[in-house]
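Each chain is listed here by its residues.
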Amino acid sequence: MTPTSTPVPPAPLPPSPSRPGRRGLVGRLLVAAVLLVTVGGAAMLVVKANEPVERETAQRFQVPDLDVLPGTALAQARSLPSGSDVRLWAEKVGPATDIPVRTLIAYVNADLATRADNPGCNLTWATLAGIGRVESHHGHFRGTRVTDEGTLTKPIIGVPLNGSPGVQAIRDTDGGTLDGDREWDRAVGSMQFLPTTWGKWAKRASGDGATPDPQNVDDAALTAARYLCASGGDLATGEGWWKAVFTYNKSLQYGRDVYSGADAYARKVAELG
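Residues numbered from 1 in each chain as written. Predicted model: local features only at pLDDT ≥ 70, side-chain atom pairs only at ≥ 80, totals over all residues. Heavy atoms only, no water.

Chemist: What is the right way to read the pattern of salt bridges from this model?
Modeler: Pairing between side chains becomes possible if they bear opposite charge and their charged atoms approach one another. Throughout the structure, instances matching the rule amount to twelve salt bridges. With a shortest N-O distance of 2.9 Å, Arg60 and Asp98 are connected by a salt bridge. On the criterion of sequence distance, the pair formed by Arg60 in the loop between β2 (45-46) and α2 (86-97) and Asp98 in the loop between α2 and α3 (101-117) is long-range, its members being 38 residues apart. By relative accessible area, which is 14% here, Asp98 ends up buried. Among the salt bridges present, the one from Asp218 reaches Arg102, with a minimum N-O distance of 2.5 Å. Residue Asp218 is located in helix α6 (residues 217-232), and its partner Arg102 is located in helix α3; the two are separated by 116 residues in the primary sequence. For Asp218, a relative accessible area of 16% translates into the label buried. Connected via shared salt-bridge partners are Arg204, Asp208 and Asp219. (Salt bridge = Lys/Arg side-chain N within 4 Å of Asp/Glu carboxyl O. Helix = DSSP H or I, 4+ residues; strand = E, 2+ residues; numbered from the N terminus. Buried < 20%, exposed > 50% of the residue type's maximum accessible area, 1.4 Å probe, protein only.)

Put into structure tokens, the structure is as follows:
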């Protein structure tokens, strides 16, 4: 088992999109299936991201927990060639990895868009999937589903960042527009962005001119891609990948959780051929 808390050296990084802590929303809120080292202290939760915490979110595809050091290079997922049929690919890969097909399409489209707009970033869909797995079970947290348009059937909103044990205190920054809370900020959407970070990096994936929506998996995946690339630089390098993920959440265990998922997804796709 990895340590319950391992400090990550501080670095001059942009603000984290989700609140500091060892786990994403799944680990923070599904407390029935976790060991609480400190009551209410999400930073001290001991939980496996692939643990079957609820019947509806139980993972058949098992992700081994990898005890890797920061800077370890990630097995790069093979990206789709331009012009490929993303849906057909996702319909093959989704059931094999337990990633919902519609959410997987969002990850891959964000990968393709990033390759076109920022080829030096070298982000792949597997890293986005690794984050989405930890943050919200790919948008399927607590019965939420993803519509054909990519919108969540009900909003995914994190706990109030009110300074309770293990939780940073962040006063409301958006008048409750995104999270419905006018007192404290909360992380929002399938990729769990803070309102301030969303406001800076959000981009509408469809290009239809509408306001980007954190409760839309296409917008959330593309925004996460932009944020990760700006934070890490070249994600094909171990240094760049870890810098980007630590910017998302400054926790060694969080980085290992994301790495474990991304690595397992990349290897499964290579196995599928």
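Now that the structure is up, let's keep going.
Chemist: Mind showing me how you'd approach helix α4 (residues 125-136) here?
Modeler: Since the α-helix advances by 3.6 residues per turn, residues separated by three or four positions end up pointing in the same direction. With twelve residues, α4 extends 16 Å from end C-alpha to end C-alpha; this agrees with the ideal 16 Å at 1.5 Å per step. Of all twelve residues in α4, twelve are buried, a share of seventy percent or more. For α4, the complete set of buried residues consists of Trp125, Ala126, Thr127, Leu128, Ala129, Gly130, Ile131, Gly132, Arg133, Val134, Glu135 and Ser136. Two residues or fewer past α4, His137 is found with a positive phi of approximately 50°. (Expected span 1.5 Å × (residues − 1).)

The values reported here are purely geometric and, on their own, carry no functional implication.
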